[in-house]
Amino acid sequence: MPVCTTCTHWLPHLYTVYQSAYNLRLEQCPNCHSFADPYVEHDELTLVIDLLLLKRAVYRHLLYNRDSEPRREDGTTAEDDNEQPKKARGIPTTLQDERELSRWRLVLRLGLTLTFVDAFIRWSHLSVQPASIQLEESPNFSPWNIGTISGFVKIFLGCCIETVSFHAGVIIACYVVLRALHLRLGGLQSDIRREFRFSLIPLALFYSSFTKLFFLFLLTIWRPSRTSQPLSPSDGDTLVLLPLNFDLDILSALNFMTDDNLDREWIVRNVMGGMSAGFGLRVILDINPFFTTLIILCGWMVKTFVSRLISGWIGDNVATAEAWLASSIP
Ligand SMILES: [Zn+2]
């Protein structure tokens, strides 16, 4: 059911369609007097950019308003409008079931696509060193042999298992938190809380993972160079003077800031990923950030437990298993 993207007030329609094609008028929200959903008119690129920038309104548009029916210029009158909310709250359950079902289908499609992208990013991070070594050994080495493909399939399956366990942990934690809050607040509920369905949780989590995956993808393209020589003070002349020593300190500090030690991939994956997931949950749950943080932590705990279980199967050798764990554990 559509909501106002500014104030989440419930609305019967978001826009009116006139008989002439490509002619529509946005509805005004009676509560906050802004346009109910300006994203109806925006193109996909704007949606994606605003999604990356974590704008609340675009989340509301994608989660609640995506396939809402417009008002037709011919039949519906103004009086019907006032009646509509009451009627619509008791809309047939078959229609609601249908909506819920199509939402789960979208979750599955989106989930598979995003997990595939995630698996590709992880695979390219995990398999970059063995590939370059193999390339040195035999110039005819092709990246598309059985070994690399089965490695990728393993990582993809691992990512799927991890995603499912994270989502299951978050859904269970959401259920517990909502039950506890409902018992405390009684019947007092906002429009958003009333519209809550469990299918919204994985959908919001997948939408919020766009930001993380986008930055991880950028890191995959612009990989920092790993060929730089390690700096150690003993390399230098024994007659090293104080200023030079000082320079070395700065350089080693800078070195610390750049590549391996401060793992940018880890930060993007976990800090940025966790923050945007919490943001996505806040849009659908309408609760204090403390609770969404708690819910995300529960999801991480379940995910960490599961990825420990499967790490031995993912990596043939200890190094790969450890690298897998390092990127999947917060
Ligand atoms: Zn409004």
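Because the structure is a prediction, the values reported are computed rather than measured.

Asks: Help me understand the overall build of the protein in this model?
Replies: A tally of helices and strands in the protein yields twelve helices and three strands. In the protein, which comprises 330 residues, the proportion classed as buried is 38%. Long-range pairs, those at least 24 residues apart, make up 73% of the contacts in the protein between residues at least 6 apart in sequence. Accessible surface, the protein: about 19,500 Å² in total, of which carbon and sulfur atoms supply 64%.

Asks: Would you mind going over the coordination of the zinc ion with me for this structure?
Replies: Each donor-metal-donor angle would ideally measure 109.5 degrees in four-coordinate tetrahedral geometry, or 90 or 180 degrees in six-coordinate octahedral geometry. The protein atoms that coordinate the zinc ion are Cys4 (SG), Cys7 (SG), Cys29 (SG) and Cys32 (SG), at distances spanning 2.2 to 2.3 Å. Metal-centred angles of 106 to 114 degrees between the four donor atoms at the zinc ion mark the site as tetrahedral. By relative accessible area, which is 0% here, Cys4 ends up buried.

Asks: Hey, could you run me through the nonpolar core in this one?
Replies: What tends to happen in soluble globular proteins is that the nonpolar side chains get buried as a cluster. Within the largest apolar cluster, 43 residues are counted, with the highest numbers of intra-cluster contacts made by Leu63, Leu281, Ile284, Leu285 and Ile295. Ranked by residue count, the leading element in this core is helix H8 (residues 200-221), at ten residues. Contact partners of Ile284, with chain neighbours within four places excluded, come to Leu63, Tyr64, Ile192, Phe196, Leu200, Ile201 and Ala204. One finds Ala119, Trp123, Cys159 and Ile310 within the second-largest nonpolar core, a separate group that totals 13 residues.

Asks: Would you take a moment to explain the sheet that holds strand E2 (residues 24-26) for this structure?
Replies: Note: strands within a sheet are paired through backbone hydrogen bonds, in either parallel or antiparallel orientation. Spatially, three strands are ordered E2-E1-E3 in an open sheet, and the strand pairing comes out mixed. Both edges of this open sheet fall to E2 and strand E3 (71-72), since each of them pairs with a single strand only. Bridge analysis of strand E1 (residues 15-17) against E3 gives two bridges, and the strand direction is parallel. Across the sheet, residue Val17 finds its bridge partner in E3, namely Arg72.

Asks: Is there a simple way to explain unusual backbone geometry in this structure?
Replies: The backbone of Thr8 sits at a positive phi, close to 60 degrees, despite the residue not being glycine. Note on placement: Thr8 falls in the segment before E1. Its relative accessible area of 16% is what places Thr8 among the buried residues. The backbone of Leu54 sits at a positive phi, close to 55 degrees, despite the residue not being glycine. Positionally, Leu54 belongs in the loop between helix H1 (44-52) and helix H2 (56-64).

Asks: Looking at this structure, how should I read the packing of helix H11 (residues 289-314) against helix H12 (residues 318-328)?
Replies: If you want to describe how two helices pack, look at the angle between their axes and the distance between the axes. For the pair H11 and H12, interaxial distance at closest approach is 9 Å and the crossing angle is 160 degrees. Relative to H12, the element H11 lies roughly antiparallel. Along this stretch, H11 crosses H12, giving a crossing that reads as right-handed. Two secondary-structure elements touch here, H11 through Lys303, Ser307, Arg308, Ile310, Ser311 and Ile314 and H12 through Ala321, Trp324, Leu325 and Ser328. For the contact of H11 with H12, the residue count by class is five nonpolar, three polar and two charged.

Asks: Would you mind going over the UniProt feature "transmembrane region" (unreviewed entry) in the protein with me for this structure?
Replies: Per the UniProt record, "transmembrane region" (unreviewed entry) is found at residues 155-178, 198-222 and 279-302. Taken end to end, residues 155-178 has its terminal C-alpha atoms 34 Å apart, with 100% of it in helix and 0% in strand.

Asks: Would you explain the side chain of Ser124 in this entry?
Replies: Mapped onto the elements of the fold, Ser124 is located in helix H4 (residues 93-126). A polar atom in the side chain of Ser124 sits 2.8 Å from the backbone oxygen of Ile121.

Asks: What's the story with a nonpolar patch on the surface in this structure? I'm lost.
Replies: A cluster of nonpolar side chains, namely Trp104, Ile172, Tyr175, Val176 and Phe198, defines an oily patch on the protein surface of about 480 Å² accessible area. Of all the elements, helix H6 (residues 146-185) adds the most residues to the nonpolar patch, at three residues. Relative to the helices and strands, Val176 is located in helix H6.

Asks: Sorry if this is basic, but what is going on with the packing of H2 against H8 here?
Replies: Contact geometry of H2 with H8 gives a least axis separation of 11 Å together with a crossing angle of 135 degrees. Between H2 and H8, the interaxial angle falls into the category oblique. Crossing of H2 over H8 shows right-handed handedness. On H8, the residues touching Tyr59, Leu62, Leu63 and Tyr64 of H2 are Leu200, Leu203, Ala204, Tyr207 and Ser208. Among the residues making up the contact of H2 with H8, the classes are represented as eight nonpolar, one polar and no charged.

What counts and what doesn't
Residues numbered from 1 in each chain as written. Predicted model: local features only at pLDDT ≥ 70, side-chain atom pairs only at ≥ 80, totals over all residues. Heavy atoms only, no water. Helix = DSSP H or I, 4+ residues; strand = E, 2+ residues; numbered from the N terminus. Buried < 20%, exposed > 50% of the residue type's maximum accessible area, 1.4 Å probe, protein only. Contact = heavy atoms within 4.5 Å. Areas by Shrake-Rupley, 256 points an atom, 1.4 Å probe, with all protein chains shown as cover. Donors = N, O, S within 2.8 Å, 3.2 Å for Na, K, Ca; no water. Tetrahedral: all angles 85-135°; square planar, octahedral: opposite > 155°, others 65-115°. Core = buried A, V, L, I, M, F, W, Y, C linked by side-chain atoms within 4.5 Å. Pairing = 2+ DSSP bridges. Axes fitted to C-alpha atoms, helices over the stretch in contact; angles between N-to-C directions. Parallel < 35°, antiparallel > 145°, perpendicular 65-115°, else oblique. Left-handed = near helix turned anticlockwise from the far one by under 90°. Nonpolar A, V, L, I, M, F, W, Y, C, P; charged D, E, K, R; others polar. UniProt positions renumbered as here; feature names shortened; annotations may be inferred. Polar contact = N/O pair within 3.5 Å; in protein donor to acceptor, adjacent residues only side chain to side chain. Patch = residues over 30% accessible without salt bridge, like charges linked within 9 Å, V, L, I, M, F, W, Y side chains within 5 Å. Salt bridge = Lys/Arg side-chain N within 4 Å of Asp/Glu carboxyl O.

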